[in-house]
Amino acid sequence: MKGSSHTTLTTGNIGIPKFDLTGKIALITGVGSEIGIGRAIARTYAWYGADLVIADIDEEKIKERAEEISKESGRRVVPVRCDVCNSEDQENLVKVAMESFGRIDILVNDAGVVLSNDQLIVDTDEDEFDRVVDTDFKAVFFLCKRVAKIMIEQEQGNIINLASVVARVASTRMAAYAAAKAAVVQMTRCMAFEWSRFNIRANCICPGYIDTNMTQSTLNKEKAYEAITHPIPHNRKVGDPMDIAATALFLACDCSDMVNGFPLYVDGARSIW
């Protein structure tokens, strides 16, 4: 169904649709970390009724996450080892999802990397630049492209890309990463514009600093923590992966049916400066 016939609300009736993903199939990348946004999103989606295909470059960890999430939620969870920068791995990921479930309702691009050693621009070499941009932008573009072809045939779909607060707020030692995430924001807008006629939504979540495996080495340094949290008006604290998972749940559910092409900043108001 397209257009007004697909809306979840009926004019004149009072009521908000439930947060419910029962019957939905979600494909989520970057789920391997024990403390990470991908794991939090996957657990939340399964708890709210979705079956999952979850991917990560670490085969052992993604199998652990699948067993864990399936056991606690009772949902079917299919793990796939996938290097998102590898075209053949992306093709296999989509193939496994379709063979397992026959459709993909939700795509969440969470897999990502940061710069090694917090390099300044003048110290960032081409190999490091390519590693970050290929993972954080190029891989997202082409996985969206592959899954969108399926969603266009389905005449429905929901794409959620993970960007960052630094897509909007300048930060030292993060130029390549920030540029890649800013590209994801604009790319997501273009996807929403192109694919909305097929009843496909594309939105972006822009987290602030979140306490994950990726950020803990920085956040555990007292001076770094103070510098990071000082510009955050809301209690001057970093976020939890579940803060992002809650936002991803909202965007995945029918109650956000009219939200499309939007970068949603979940950063304790850091980006208002």
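Use the structure listed above.
These numbers come from a predicted model, not from an experiment.

So, unusual backbone geometry: which residues are in play, and what are the values?
The phi torsion at Glu 155 lies on the positive side, around 60°, for a residue other than glycine. Turning to its location among the elements, Glu 155 is positioned in the loop between helix H4 (126–154) and strand S5 (157–162).

So what's going on with a nonpolar patch on the surface? Residues and values would help.
A contiguous nonpolar surface patch, about 360 Å² in accessible area, is contributed by Phe 19, Trp 47 and Tyr 48. With respect to the helices and strands, Trp 47 occurs in helix H1 (residues 37–47). Assessed through its relative accessible area of 63%, Trp 47 is described here as exposed.

Before we move on, can you summarise the packing of aromatic side chains with the specific residues and values?
Tallied over the full model, the rule gives two aromatic pairs. A centroid spacing of 4.9 Å and a plane angle of 70° characterise the contact between Phe 141 and Phe 142, whose relative ring orientation is edge-to-face. Look at Phe 141 and you get partly exposed, because its relative accessible area is 35%. A cation sits over an aromatic face here: Arg 76 above Phe 101, 4.7 Å from the ring centre. Just above the ring of Tyr 265 sits the side chain of Arg 168; from NZ or CZ to the centre is 5.6 Å.

Mind laying out the pattern of salt bridges, listing which residues take part and the relevant values?
According to the stated counting rule, one finds ten salt bridges in the structure shown. Taking the shortest distance from any N to any O, the salt bridge between Arg 43 and Glu 72 comes out at 2.7 Å. With Arg 43 in helix H1 and Glu 72 in helix H2 (residues 59–73), this pair connects stretches of sequence that are 29 residues apart. For Arg 43, a relative accessible area of 30% puts it in the partly exposed group. Its salt-bridge partner being Asp 105, residue Arg 103 comes within 3.0 Å of it at the nearest N-O pair. Each of Arg 39, Arg 65 and Glu 68 takes part in one network of salt bridges that share partners.

Can you break down H4 residue by residue, with the values?
With 29 residues, H4 extends 40 Å between its outermost C-alpha atoms, agreeing within 8% with the 42 Å of an ideal straight helix rising 1.5 Å per residue. Roughly 45° is the biggest bend found in H4, and it falls at Asp 134. You can read the cap of H4 off the contacts: a side-chain oxygen lies 3.3 Å from the backbone nitrogen of Asp 127, and it is on Asp 125. The first or second residue beyond H4 is Glu 155, which carries a positive phi of 60°.

Could you give me a rundown of the nonpolar core, with the residues and numbers involved?
Judged by nonpolar contacts, the single largest core of 37 residues is most densely connected at Val 53, Leu 93, Ile 104, Leu 107, Ile 159 and Trp 195. Taken together, the elements giving at least two residues each to this core come down to strand S1 (25–29), strand S2 (51–56), strand S3 (77–81), helix H3 (87–101), H4, helix H5 (175–195) and strand S6 (200–207). Among the elements that make up this core, the one with the highest residue count is H4 (eight residues). Ala 26, Val 31, Tyr 45 and Ile 54 belong to the second largest nonpolar core, which has 31 residues in total.

Give me the pairing of S5: which residues, what numbers.
For S5, a buried count of six out of six residues is recorded, marking the element as mostly surrounded by other parts of the structure. Of the two faces of S5, the one holding Gly 157, Ile 159 and Asn 161 and the one holding Asn 158, Ile 160 and Leu 162 are both buried throughout. Bridge count between strand S4 (residues 106–109) and S5: four bridges; the pairing is parallel. The residue bridging Asn 109 from the neighbouring strand is Asn 161, located in S5. Note on the crossover from S4 through H4 to S5: the handedness is right-handed.

Hey, could you go over the packing of H4 against H5 for me, with residue numbers and the actual values?
One can describe the packing of H4 onto H5 by two numbers: an axis separation of 9 Å at closest approach and a directional angle of 15°. Here H4 is positioned roughly parallel relative to H5, judged by the angle of their axes. Considering how the two elements wind past one another, H4 and H5 form a crossing that is right-handed. Residues Phe 129, Val 132, Val 133, Asp 136, Phe 137, Val 140, Phe 141, Cys 144, Lys 145, Ala 148 and Ile 152 of H4 lie in contact with H5, whose contacting residues are Ala 176, Tyr 177, Ala 180, Lys 181, Ala 183, Val 184, Met 187, Met 191 and Trp 195. Its residues assigned to classes, the contact of H4 with H5 shows 17 nonpolar, no polar and three charged.

Rules behind the numbers
- Residues numbered from 1 in each chain as written.
- Predicted model: local features only at pLDDT ≥ 70, side-chain atom pairs only at ≥ 80, totals over all residues.
- Heavy atoms only, no water.
- Helix = DSSP H or I, 4+ residues; strand = E, 2+ residues; numbered from the N terminus.
- Patch = residues over 30% accessible without salt bridge, like charges linked within 9 Å, V, L, I, M, F, W, Y side chains within 5 Å.
- Areas by Shrake-Rupley, 256 points an atom, 1.4 Å probe, with all protein chains shown as cover.
- Salt bridge = Lys/Arg side-chain N within 4 Å of Asp/Glu carboxyl O.
- Buried < 20%, exposed > 50% of the residue type's maximum accessible area, 1.4 Å probe, protein only.
- Phe/Tyr/Trp six-rings, centres within 6.5 Å; stacked < 30°, edge-to-face > 60°.
- Lys NZ or Arg CZ within 6 Å of the ring centre and 35° of its normal.
- Expected span 1.5 Å × (residues − 1).
- Bend = angle between axes of the 7 residues up to and from the residue.
- Polar contact = N/O pair within 3.5 Å; in protein donor to acceptor, adjacent residues only side chain to side chain.
- Core = buried A, V, L, I, M, F, W, Y, C linked by side-chain atoms within 4.5 Å.
- Pairing = 2+ DSSP bridges.
- Right-handed = clockwise from strand over helix to strand, strands pointing away.
- Axes fitted to C-alpha atoms, helices over the stretch in contact; angles between N-to-C directions.
- Parallel < 35°, antiparallel > 145°, perpendicular 65-115°, else oblique.
- Left-handed = near helix turned anticlockwise from the far one by under 90°.
- Contact = heavy atoms within 4.5 Å.
- Nonpolar A, V, L, I, M, F, W, Y, C, P; charged D, E, K, R; others polar.

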